[in-house]
Amino acid sequence: MRIDLHTHSTASDGTLTPAELVKAASGAGLDVLALTDHDTTAGWAPARAALPAGLTLLPGMELSCYWSHPHGRITLHLLVYLFDPAEEAFATERARLRASRIARAQRIVELFRADGIDVSWDEVLADAAGGTIGRPHLARALMRRGLVADTSDAFRTEWLGQRYRLPKDDTDVFEALRLARGAGGVVVFAHPRATRRGQLVPDRLIVALAEQGLFGLEADHPDHAPGERAHVRALAHRLGLVVTGSSDFHGSHKTVQLGQELTAPLVYEQIVAAATGNQPVRG
Ligand code: AMP
Ligand code: FE
Ligand code: FE
Ligand code: ZN
């Protein structure tokens, strides 16, 4: 069984449509694919409608969160699987997050324009094509102007990494966990040691989240070096959490391939068994 539990489509900042993504997953020899777009479930229906025979779709989402500590905030991502998309409190929070992303992206476009970089809001909106807007869409506007070579280049400190970095109004991580579980979902901490993406949270936060019902940690992720994977595995073992492995595929925004990192079948079964909000869809 080849199981990849973290991927993005054009419903957020991936470059394949949900239909193209499930076809690509099947072509990559996957048996199970989780669709985990940022802060939205909009990709689920088109993915399901295009699901190839033999592929199982695990409906999921990657939620934008922050952890508040006495000296500031650290942003982090939670993967939520198999929650009920109709549960109101969680749905309301997702909508709020998407609105906050739009407001932030608009402000970043204004910063560009104040510096004489002629990116228009309409252009960014059209590129996002109704999906959740993220910094990769702003990166693409810079690429089209030849100002940066690729997405990673656009995340350097001169660009979206610092100079044009603005916060969005994410969800407090404990509230996020409560909402996700309230909608019947199973929660896995995404890439907890990915240093490239900013500040890391301390292990004591993960201990506290485990006490509140966190189910797993993503250990095998393209942004984790071998030592980081070992650290995450040991922490998960100590706390009784499962470990997952996933590609975090974004299409051509990144170089990783579908199925580049995989989750063990037993862990997949544990996630499905623990969920009460939704079920996998078999193609
Ligand atoms: P946002 O959610 O709008 O803050 O944008 C974050 C997204 O940008 C992540 O989900 C990744 O898709 C992408 N990203 C973050 N850091 C990097 C990086 N260093 N290089 C390339 N893509 C990145
Ligand atoms: Fe992303
Ligand atoms: Fe992420
Ligand atoms: Zn992701």
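As the structure is a computational prediction, the values presented were derived from the model and not from experiment. (Residues numbered from 1 in each chain as written. Chains lettered and ligands numbered in written order. Predicted model: local features only at pLDDT ≥ 70, side-chain atom pairs only at ≥ 80, totals over all residues. Heavy atoms only, no water.)

A. Spotlight on helix H7 (residues 173-182). Those residues of H7 not exposed but buried are Val173, Ala176, Leu177, Leu179 and Ala180. An end-on view of H7 places all buried positions within 165° of arc, on one side of the element. Pointing more than 90 degrees away from the buried face of H7 are the exposed residues Arg178 and Gly182. Sitting at the amino-terminal end of H7 is Asp172, which places a side-chain oxygen 2.9 Å from the backbone nitrogen of Phe174. With its phi angle positive at about 85°, Gly184 sits one or two positions after the end of H7. (Buried < 20%, exposed > 50% of the residue type's maximum accessible area, 1.4 Å probe, protein only. Helix = DSSP H or I, 4+ residues; strand = E, 2+ residues; numbered from the N terminus. Arc of directions from axis to C-beta. Polar contact = N/O pair within 3.5 Å; in protein donor to acceptor, adjacent residues only side chain to side chain.)

B. Examining the coordination of the iron ion (ligand 2) more closely. For the iron ion (ligand 2), the full set of protein donor atoms is Asp13 (OD), Asp13 (OD), His38 (NE2) and His250 (NE2), at a range of 2.2 to 2.8 Å. Around the iron ion (ligand 2) sit six donor atoms; with metal-centred angles ranging over 50 to 157°, the donor geometry is irregular. A separation of 5.6 Å is found between the iron ion (ligand 2) and the iron ion (ligand 3). With His38 in the loop between strand S2 (32-35) and helix H2 (44-49) and His250 in the loop between strand S8 (242-245) and helix H10 (265-274), this pair connects stretches of sequence that are 212 residues apart. Residues His38 and His250 agree in their burial class; the two are buried. (Donors = N, O, S within 2.8 Å, 3.2 Å for Na, K, Ca; no water. Tetrahedral: all angles 85-135°; square planar, octahedral: opposite > 155°, others 65-115°.)

C. Spatial organisation of the packing of aromatic side chains. This model, assessed by the stated rule, comprises four aromatic pairs. Arranged with centres 5.8 Å apart and planes meeting at 20°, the rings of Trp159 and Tyr164 form a pair that is stacked. We classify Trp159 as buried; its relative accessible area is 13%. Judged by relative accessible area, Tyr164 falls into the buried class, the value being 5%. Feature note: the residues Trp44, Phe83 and Phe90 constitute an aromatic cluster, connected by ring pairs. (Phe/Tyr/Trp six-rings, centres within 6.5 Å; stacked < 30°, edge-to-face > 60°.)

D. Fine view of the nonpolar core. Core analysis: the biggest nonpolar cluster contains 46 residues, and Leu76, Phe90, Phe189 and Leu217 have the highest contact counts within it. One finds Ala105, Ile108, Ala154 and Trp159 within the second-largest nonpolar core, a separate group that totals 20 residues. (Core = buried A, V, L, I, M, F, W, Y, C linked by side-chain atoms within 4.5 Å.)

E. Here's a closer look at unusual backbone geometry. Phi is positive for Ala129, close to 50°, though the residue is something other than glycine. Note on placement: Ala129 falls in the loop between helix H4 (121-128) and helix H5 (135-144). By relative accessible area, which is 64% here, Ala129 ends up exposed.

F. Up close: the site of ligand 1. What surrounds ligand 1 is a group of 14 residues, the closest being His38, Arg101, Arg104, Arg135 and His250. In the environment of ligand 1, an oxygen atom lies 2.4 Å from a nitrogen or oxygen atom belonging to the side chain of Arg104. Between His250 and ligand 1, the recorded distance is 2.9 Å, taken from a side-chain N or O atom to an oxygen atom. For ligand 1, whose unbound accessible area comes to 500 Å², protein coverage reaches 92%. Of all the secondary structure elements, the ones that give two or more residues to the shell around ligand 1 are helix H3 (88-114), H5 and helix H6 (151-154). Class assignment of the residues belonging to the shell around ligand 1 gives a composition of two nonpolar, five polar and seven charged. (Near = heavy atom within 4 Å. Areas by Shrake-Rupley, 256 points an atom, 1.4 Å probe, with all protein chains shown as cover. Nonpolar A, V, L, I, M, F, W, Y, C, P; charged D, E, K, R; others polar.)

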